[in-house]
Amino acid sequence: MFPNLCPYLQNILDSGLSKKLKKVEGIIFTNSCDGMRRLYDVWSNYVQMPFSFMLEIPKNRDENGIAYFSEQLLDLKRRLEEVFGVKISKDKLKTAISLMNDRRGMIMDLFEKQKQIPPHYKGSELLSFCLEETTCPKDETTQKLEALTGQSRTPSSSQDRPPRILVMGNVIDKPALFEMVENARASVVAFDTCNGLRHYSGFVENGSDPIESLARRYLLKPPCTRMPGFDKRIERLEQLIEEYSIEGVIYGSLKFCDYSLFEVPRIEDFLRKNRLPFLVLENDYIWSDVERMRIRVEALLEVVSGEFD
Amino acid sequence: MMRSVFQDIVAFMEQRLEKRPRGFDLFTKEMLSACLGAFDEDATTVYVSGYAFPTELLWAFDIVPFDFEIACNNLPQATGGNGSSIMIHSENEGYSRDICSFYRLIIGCMIQGMLPKGDLYLTSSYYCHGKAKANEIVASSEGKESVLFDVPNEISPSSIRYVVSQLKEITSKLETITGQTFDLDKLKEAVSWSNRARSLLIEINNLMKAKPCPWDGARACLLALGGAIFWGSPIMYNINQMLIQEIQARIEKGTAMPEKYRILWYPWVPVQQTNIFSTLRENQASVVMAEVANVWWSEIDEASPFEALALKALENLLVGKAEKRVKSIVKLAEDYDVDGVIHFSTPACRHENFSSCLILDALNDKGIPFLNLDGDMTDERNYSPKRTMNTLCLFLEVMKNRKAAGAGNGSRQVIDQLFFRNDSFG
């Protein structure tokens, strides 16, 4: 395998080849990037799994795109029914949509509390919950979610105002970065990553055609850097900075992610104009290089705290 | 700089064509003239990647497409291998060297103010995503919208509908920027030119099967990529017609270069100056065919051109499952009776590099030697002539051993040790 490929994709492939996913019976790929598309090809050839499916996600966020994405979701539904011998009825879909909307609402409430000064939760705590929530059956994490929602804030002095950091970027599955920030007495108040805030933003309309509603929500939710439109991304960043009173931004990007590589200079320009400290940390998905990053994170936090001009 | 460099080359090519008409020279002249046309203030300039868009639609409006990738990437060769002096401007603006050199070069040209102003910035989602981002950056620098032609990875009635709907929307945009009303007959005429040129390309490709090979697969590759903007115009037809005459004459007169080894090349040839092809020529190794020069699309149905052009986009050799390409490359290797296959690997080409193991294993099963040749399309800083020479000589040795032992198992071990197993899951 070539070394200059996305480490996230390499990690998935490694899991398949080394048979680490014994309990997994199926995998759904999305046409998210050039590498992922080819991972599907390589996976289909070298990893034996009863079900693998490539879900096309259009890049154009318009009615034509929604219509095509709806057809793709219908096709996925049919294939799941065939392979696993289940019936995914309209009622079941509506129930699932309703359940997920409730979850989104509750999780967005957690993020909402992060707007407080100081924030309600530790960023690493929220990340851990989000990771568990996305990988476990929903009922297994309900109790935890309820506990988090009812959790009172750790008492702090009125002068306790840790620097407020926004983490953005693509997939972050490990708490290493968040812990680095927290150990340096700052807070990750929000993380707008593939599995963070962006993932939970926006509800699915529970209308008469649930498939179309799903297509609409997933295509129109706040865009990741895969989608066309740098301006939309900057607009969202601007909004998050204001809502969460952000004082510094860390962009966590998987190494060799082309989308991020094209976006970073534009984000940097925007933040420089707005005089907000910014740090890009390219990582290998498992964050094996934490010690080298630590000094850069600490330097950023010094700048944010005004200890260094 | 871009404009003056191209003007010089076009003038030079015109002189050469007067003295000795050659198909490839005609292609070079036409390609660079088209690029120059985009600088004309009265011209309607549409940015596009010719190899990833059905340009027949643009010719129906008499628009000469401006292939921003091809235009920028002609500069390193034309300026004596000086691509990095342009790329460095994008790197200084924060664009990482992990981005494909093609796109760093485009952004560098943009920063240097070398690019013409576009009326429409059109690009495609397939090979590759970086290109669409580069187009968006160029468009926004001019305060213009970039339009993405989004082609899914599967062929079905719904994907055809999705692509057709986009072609129709793009047609409306073309009406707006040209002030013309769309004329279905003109599109049918463009499609007809495209089909006629396609028939000639099939003929050229059949002639290339002759031994020794009467033309050059590397040039066929450049023609396929750089000439793609001419599908839908008589220019492509004229180039192909001229090439057929030359190739036939070479076969009849027996003037093709002597040949010891026959090579299939994929996916693209570097546009910077390298010692690859001189090394191959010195060792009498011919590139007899390039994957992208193959005719991978069906004849376009003139009766329903939108649907047929959508199908042409969906049938693109790099759209869809890699399995399709693997089969096509193995078939080409067999049809052209090659002694080896070279994959020219440019570091940031994620989709190419990720799927090369599939091609490698398929060729391995057939006992066809495979070489992954590391290099870079345009960045001379990522290219080592000495290492390339060494790698190529080893590969030539493998082909020689294989020929000496016949194509059986005896030579297979050598090939496996040198080129296969380290890079394969099989």
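Here the structure is a predicted model, which is why all the values come from computation and not from measurement. (Residues numbered from 1 in each chain as written. Chains lettered and ligands numbered in written order. Predicted model: local features only at pLDDT ≥ 70, side-chain atom pairs only at ≥ 80, totals over all residues. Heavy atoms only, no water.)

### Some words on the overall build of chain A
Step number 1: Along its length, chain A carries 12 helices and 6 strands.
Step number 2: The C-alpha atoms of chain A give 20 Å as radius of gyration, which agrees with the globular expectation for 309 residues (19 Å, within 12%).
Step number 3: Principal-axis analysis of the C-alpha atoms places the extent of chain A at approximately 60 × 45 × 40 Å.
Step number 4: Out of the 309 residues belonging to chain A, those deemed buried represent 52%.
Step number 5: A fraction of 71% describes how many contacts in chain A between residues 6 or more apart in sequence connect residues 24 or more apart.
Step number 6: Counting every atom, chain A has about 14,400 Å² of accessible surface; 51% of that belongs to carbon and sulfur.
Step number 7: Positive and negative side-chain charges of chain A, numbering 43 and 47 respectively, have mean locations separated by a distance of 2 Å. (Helix = DSSP H or I, 4+ residues; strand = E, 2+ residues; numbered from the N terminus. Rg over C-alpha atoms; globule rule 2.2 N^0.38 Å. Buried < 20%, exposed > 50% of the residue type's maximum accessible area, 1.4 Å probe, protein only. Contact = heavy atoms within 4.5 Å. Areas by Shrake-Rupley, 256 points an atom, 1.4 Å probe, with all protein chains shown as cover. Lys, Arg positive; Asp, Glu negative; His and termini not counted. Charge placed at Lys NZ, Arg CZ, Asp CG, Glu CD.)

### As for the nonpolar core
Step number 1: By size, the foremost hydrophobic cluster in this structure holds 176 residues, and its most contacted members are B:Met2, B:Tyr103 and B:Trp265.
Step number 2: Counting residues per element, this core draws most heavily on helix H10 (residues 184-207) of chain B, at 9 residues.
Step number 3: If we skip the residues at most four places from it in the chain, B:Tyr103 touches A:Phe262, B:Tyr51, B:Glu69, B:Cys128, B:Gly130, B:Lys131 and B:Ala134.
Step number 4: Residues A:Phe178, A:Val181, A:Trp287 and A:Leu300 belong to the second largest nonpolar core, which totals 52 residues. (Core = buried A, V, L, I, M, F, W, Y, C linked by side-chain atoms within 4.5 Å.)

### Some points on the sheet that holds strand E6 (residues 278-283) of chain A
Residue and element names in this part refer to chain A.
Step number 1: Taken in spatial order, the 4 strands make up an open sheet running E4-E3-E5-E6, and their pairing is parallel. Each of the sheet's edge strands pairs with one partner strand only, and the pair in question is strand E4 (187-192) and E6. For this sheet, the mean angle separating the axes of adjacent strands, direction not counted, is 25°.
Step number 2: Judged from the 6 bridges that link them, strand E5 (residues 248-254) and E6 form a sheet pairing that is parallel. When the bridges of E6 are listed, Gly252 appears paired with Leu281. (Pairing = 2+ DSSP bridges. Axes fitted to C-alpha atoms, helices over the stretch in contact; angles between N-to-C directions.)

### Describing the interface of chain B and chain A
Step number 1: Listed by partner, the interface residues are 51 residues for chain B and 45 residues for chain A.
Step number 2: Each partner contributes to the roughly 4,200 Å² buried at the junction of chain B and chain A, and carbon and sulfur atoms together form 59% of this total.
Step number 3: For the chain B face of the interface with chain A, the top three residues by lost area are B:His129, B:Arg350 and B:Phe354, together amounting to 20%.
Step number 4: Taken together, chain B and chain A are joined by 3 salt bridges.
Step number 5: A salt bridge links B:Arg161 to A:Glu71, with the nearest nitrogen and oxygen atoms 2.7 Å apart.
Step number 6: Taken together, the links from chain B to chain A amount to 28 residue pairs in polar contact (both at pLDDT 80 or more).
Step number 7: When residues of the side of chain B that touches chain A are traced back to their parent elements, those giving at least two are helix H7 (101-111), helix H8 (129-141), helix H9 (157-178), strand E7 (340-345), helix H16 (350-365) and strand E8 (370-374) of chain B.
Step number 8: Of the residues forming the side of chain B that touches chain A, the biggest block, 9 residues, is contributed by H16(B).
Step number 9: For the side of chain B that touches chain A, a count of residues per class yields 18 nonpolar, 20 polar and 13 charged. (Buried area = accessible area lost by both parts, 1.4 Å probe. Salt bridge = Lys/Arg side-chain N within 4 Å of Asp/Glu carboxyl O. Polar contact = N/O pair within 3.5 Å; in protein donor to acceptor, adjacent residues only side chain to side chain. Nonpolar A, V, L, I, M, F, W, Y, C, P; charged D, E, K, R; others polar.)

### Let's talk about a nonpolar patch on the surface
Residues and elements named next belong to chain A.
Step number 1: On the surface, a nonpolar cluster with roughly 210 Å² of combined accessible area is contributed by Val83, Phe84 and Val86.
Step number 2: Mapped onto the elements of the fold, Val83 is located in helix H3 (residues 63-84).
Step number 3: On the accessibility criterion, Val83 (34% relative accessible area) is partly exposed. (Patch = residues over 30% accessible without salt bridge, like charges linked within 9 Å, V, L, I, M, F, W, Y side chains within 5 Å.)

### Details of the side chain of A:Arg103
Step number 1: With respect to the helices and strands, the residue A:Arg103 is situated in helix H4 (residues 90-113).
Step number 2: Owing to a relative accessible area of 3%, A:Arg103 belongs among the buried residues under this scheme.

### Concerning the pattern of salt bridges
Side chains that differ in sign of charge can pair as their charged atoms come close.
Residue and element names in this part refer to chain A.
Step number 1: Scanning the entire structure with this criterion turns up 42 salt bridges over all chains.
Step number 2: A salt bridge links Arg216 to Glu63; the nearest nitrogen and oxygen atoms lie 3.0 Å apart. A residue pair is termed long-range when its members are at least 10 positions apart, and Arg216 in helix H9 (residues 210-220) and Glu63 in helix H3 qualify at 153 residues.
Step number 3: Residue classification places Arg216 among the partly exposed residues on the basis of a relative accessible area of 26%.

### Digging into the state of the cysteines
Residue and element names in this part refer to chain A.
Step number 1: Throughout the structure, instances matching the rule amount to 0 disulfides over all chains.
Step number 2: Cysteine Cys130 shares no disulfide, and the gap to the nearest cysteine sulfur, in Cys136, comes to 12 Å.
Step number 3: The exposure class of Cys130 is buried, given its relative accessible area of 1%. (Disulfide = S-S within 2.5 Å.)

### Quick look at a negative patch on the surface
Step number 1: Taken together, the side chains of A:Asp231, A:Glu235, A:Glu238 and A:Glu242 define an acidic patch exposed on the protein surface.
Step number 2: Mapped onto the elements, A:Glu238 comes out in helix H10 (residues 230-243).

### With respect to the packing of helix H7 (residues 176-183) of chain A against helix H12 (residues 290-305) of chain A
Residue and element names in this part refer to chain A.
Step number 1: Viewed as axis vectors pointing N to C, H7 and H12 meet at an angle of 45°, and their least axial separation amounts to 10 Å. In terms of orientation, H7 lies oblique with respect to H12. Both H7 and H12 take part in a crossing whose hand is right-handed. Contacts between H7 and H12 involve Ala176, Leu177, Met180, Val181 and Asn183 from the former and Val290, Met293, Arg294, Val297 and Leu301 from the latter.
Step number 2: In terms of residue class, the contact of H7 with H12 is made up of 8 nonpolar, 1 polar and 1 charged. (Parallel < 35°, antiparallel > 145°, perpendicular 65-115°, else oblique. Left-handed = near helix turned anticlockwise from the far one by under 90°.)

### Structural notes on the sheet that holds E7(B)
Residue and element names in this part refer to chain B.
Step number 1: On the basis of which strands lie adjacent, the open sheet formed by 4 strands has the order E6-E5-E7-E8 and parallel pairing. Each end of this open sheet is capped by a strand with a single partner; those strands are strand E6 (285-290) and E8. The mean inter-strand angle of the sheet, taken between neighbouring strand axes irrespective of direction, is 30°.
Step number 2: Where strand E5 (residues 261-266) meets E6, 5 bridges bridge the pair, whose relative direction is parallel. From the neighbouring strand, Arg262 faces E6, where its bridge partner is Ser286.

### What about the packing of H10(B) against helix H12 (residues 234-253) of chain B?
A pair of packed helices can be characterised by two numbers: the angle between their axes and the separation between those axes.
Residues and elements named next belong to chain B.
Step number 1: Interaxial distance between H10 and H12 falls to 9 Å at its minimum, and their mutual angle equals 20°. What the angle tells us is that H10 and H12 run roughly parallel. Crossing of H10 over H12 shows left-handed handedness. Judged by residue contacts, Trp193, Arg196, Ala197, Leu200, Leu201, Glu203, Ile204 and Leu207 of H10 engage Pro234, Met236, Tyr237, Asn240, Gln241, Leu243, Ile244, Ile247, Gln248 and Ile251 from H12.
Step number 2: Each residue belonging to the contact of H10 with H12 can be placed in one class, and the counts come to 13 nonpolar, 3 polar and 2 charged.

### Here we look at the packing of aromatic side chains
Aromatic ring pairs are described here by two measures, namely the spacing of the ring centres and the angle between the planes.
Step number 1: All told, the structure shown has 29 aromatic pairs over all chains when counted by the stated rule.
Step number 2: With centroids separated by 6.4 Å and ring planes inclined at 90°, the aromatic side chains of A:Tyr251 and A:Phe278 adopt a geometry described as edge-to-face. Here A:Tyr251, found in strand E5, pairs with A:Phe278, found in strand E6; they are 27 residues apart in sequence, far enough to count as distant.
Step number 3: Its relative accessible area of 0% is what places A:Tyr251 among the buried residues.
Step number 4: According to the relative accessible area criterion, A:Phe278 is buried, its value standing at 17%.
Step number 5: Three or more aromatic residues joined by ring pairs form one cluster here, namely B:Tyr47, B:Phe66, B:Phe68 and B:Tyr121.
Step number 6: The ring of A:Tyr285 carries A:Lys174 above its face, with NZ or CZ at 4.9 Å from the centroid.
Step number 7: Sitting above the plane of the B:Trp193 ring, B:Arg196 keeps its charged end 4.2 Å from the centroid. (Phe/Tyr/Trp six-rings, centres within 6.5 Å; stacked < 30°, edge-to-face > 60°. Lys NZ or Arg CZ within 6 Å of the ring centre and 35° of its normal.)

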